[in-house]
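# Residue-level structure breakdown
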Amino acid sequence: MKSLQERKERRDILEKKLADAEVSEEEHNNLLKYFEKKETEYMRLQRHKMGADDFEPLTMIGKGAFGEVRICREKATGHVYAMKKLKKSEMLRRGQVEHVKAERNLLAEVDSNCIVKLYCSFQDEEYLYLIMEYLPGGDMMTLLMRKDTLTEDEARFYVGETVLAIESIHKHNYIHRDIKPDNLLLDRNGHMKLSDFGLCKPLDCSNLQEKDFSTANNLSGALLSDGRPAAPQRTQQEQLQHWQRNRRMLAYSTVGTPDYIAPEVLLKKGYGMECDWWSLGAIMYEMLVGYPPFYSDEPMSTCRKIVNWRTHLKFPEEAKLSPEAKDLISKLLCNVEQRLGTKGAHEIKIHPWFKGIEWDKLYQMKAAFIPEVNDELDTQNFEKFEEVDNQIPSAAKSGPWRKMLSSKDINFMGYTYKNVEIVNDNQLPGIAELKKKSSKPKRPSIKSLFEDEAAAAANQPVQGSFLNLLPTQIEAPEAENHSRK
Ligand SMILES: Nc1ncnc2c1ncn2[C@@H]1O[C@H](COP(=O)(O)OP(=O)(O)OP(=O)(O)O)[C@@H](O)[C@H]1O
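Residues numbered from 1 in each chain as written. Predicted model: local features only at pLDDT ≥ 70, side-chain atom pairs only at ≥ 80, totals over all residues. Heavy atoms only, no water.

Under an unreviewed UniProt entry, the protein chain has the name non-specific serine/threonine protein kinase and belongs to Gossypium hirsutum. For the protein chain, the Sequence similarities (unreviewed entry) comment in UniProt is given as "Belongs to the protein kinase superfamily. AGC Ser/Thr protein kinase family." (UniProt positions renumbered as here; feature names shortened; annotations may be inferred.)

Core analysis: the biggest nonpolar cluster contains 80 residues, and Met140, Tyr158, Met287, Ile348 and Phe354 have the highest contact counts within it. Counting residues per element, this core draws most heavily on helix α9 (residues 274-289), which supplies 11 residues. For Ile348, the residues in contact, after removing those within four places along its chain, are Val163, Trp277, Leu280, Leu328, Leu332, Leu340, Gly341 and Phe354. By size, the runner-up hydrophobic cluster in this structure holds 12 residues, among which are Leu45, Phe122, Tyr127 and Tyr129. (Core = buried A, V, L, I, M, F, W, Y, C linked by side-chain atoms within 4.5 Å. Buried < 20%, exposed > 50% of the residue type's maximum accessible area, 1.4 Å probe, protein only. Helix = DSSP H or I, 4+ residues; strand = E, 2+ residues; numbered from the N terminus. Contact = heavy atoms within 4.5 Å.)

This part is about the pairing of strand β4 (residues 118-123). In terms of burial, β4 is largely enclosed, as 6 of its 6 residues are buried. Where β4 and strand β5 (residues 127-133) come together, 5 bridges link them in antiparallel fashion. Following the sheet pairing, Ser121 is matched in β5 by Leu130. Connecting β4 to the antiparallel partner β5 that follows it, the hairpin turn spans 3 residues. (Pairing = 2+ DSSP bridges.)

Further remarks concern helix α10 (residues 299-307). The buried fraction of α10 amounts to 7 of the 9 residues, a majority that puts the element mostly inside the structure. For α10, the set of buried residues is Ser301, Thr302, Cys303, Arg304, Lys305, Ile306 and Val307. On its buried face, α10 is in contact with α8 (263-266), α9 and α11 (309-312).

Dropping the structure here:
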């Protein structure tokens, strides 16, 4: 009865809006017909338990340490989404269960232009699934590799959108900790959205002490026993080529790249939201210089340079950065106490480098680059991945984790989620407009259908190992369970 009543209220609102709006009778009827169609779809979705069978998997667009990302088509509606599929046994083996829940919680909780939208999540015996909006513009890593460097105006657009994205997750009390160009995705119009909120590839620096990071031990400043420098001195161009040769390999390696991680995170001193602003500084540097500020041949050496940033942060002359750009980067890549953003995103927004930027209109502006996207299944902006045999290795089926795996698995309880609202409801012109004009709260019809236990799970503090998205109330990394060890 309640849902009938709500349906009637929605229809009344629409009728009222239509009476006020000057629309032709034909348009009026079309909108009402569309409304009924959406209501039917909405009810069907509410009833239906989603599963992998509801989607036709298509081209693979991403591969991570725990699974893969593909575009897929929902069989019932024909809508295209990105499906992230994660192997439960791998999650358990690497102690990532809480992180995958954190990712699902954040995606379900934060409704923002700057965050990739989650349509639903579900699981079967072997896998967890996230069905998200498909962002066909590719990721920032690929864009940067294609462009070498960006002009300051181009960079301002992307850095600005990253500021808004970071601000929106901080507002929900989440810290990302692993913001890097690979996690900045571009939509069809070239606007940026943040993704990948839970499954970092933990680079295990936990056995390193602060003394290991001391300047005497740092690689690039050090000399070998015969007096030669331990790391070759390269020109900006050489360093750029070197970085680009290694970039994809680093992205797909099991340890990932530490280039954007804040020193306090590496040192596990206890950290807060400021660590995401450090990552912003490293990304901005890469956009303007061509490679990240502490790049080194070895990830461990990069970690050392990050911790000794005072010695290693240098701006190559050839890059010709403006004084404002250098100033902003230096105020992001610095001690937590001095770092811009510590008191909130506004500190960064008012920096002179952003002079003239209209923060409220950034997402309505024309993007710095418009990606080429020919149709809804176009994946030209992504790497090509070789398809390997999809069979689940027998180890996963017979290993010690096997008995823990089932779709009613207690480890992954609360994973299932459905966001009925985002079933492409902006596809019909007119409806989106009407919704904007509505005086009701922003998302009047949202119906997030958590399974009962999910509501509780969403409020659980999340603990986990190195480098992962954590609600801020989880504090010192020392207290974390470094399950990779
Ligand atoms: N919603 C999406 N739309 C388009 N592409 C996506 C989407 N989600 C992920 N991708 C692509 O898949 C890649 C891997 O995704 P993601 O980083 O979320 O997976 P992961 O397994 O957690 O990876 P990682 O090992 O880096 O943590 C991204 O870099 C991006 O290119």
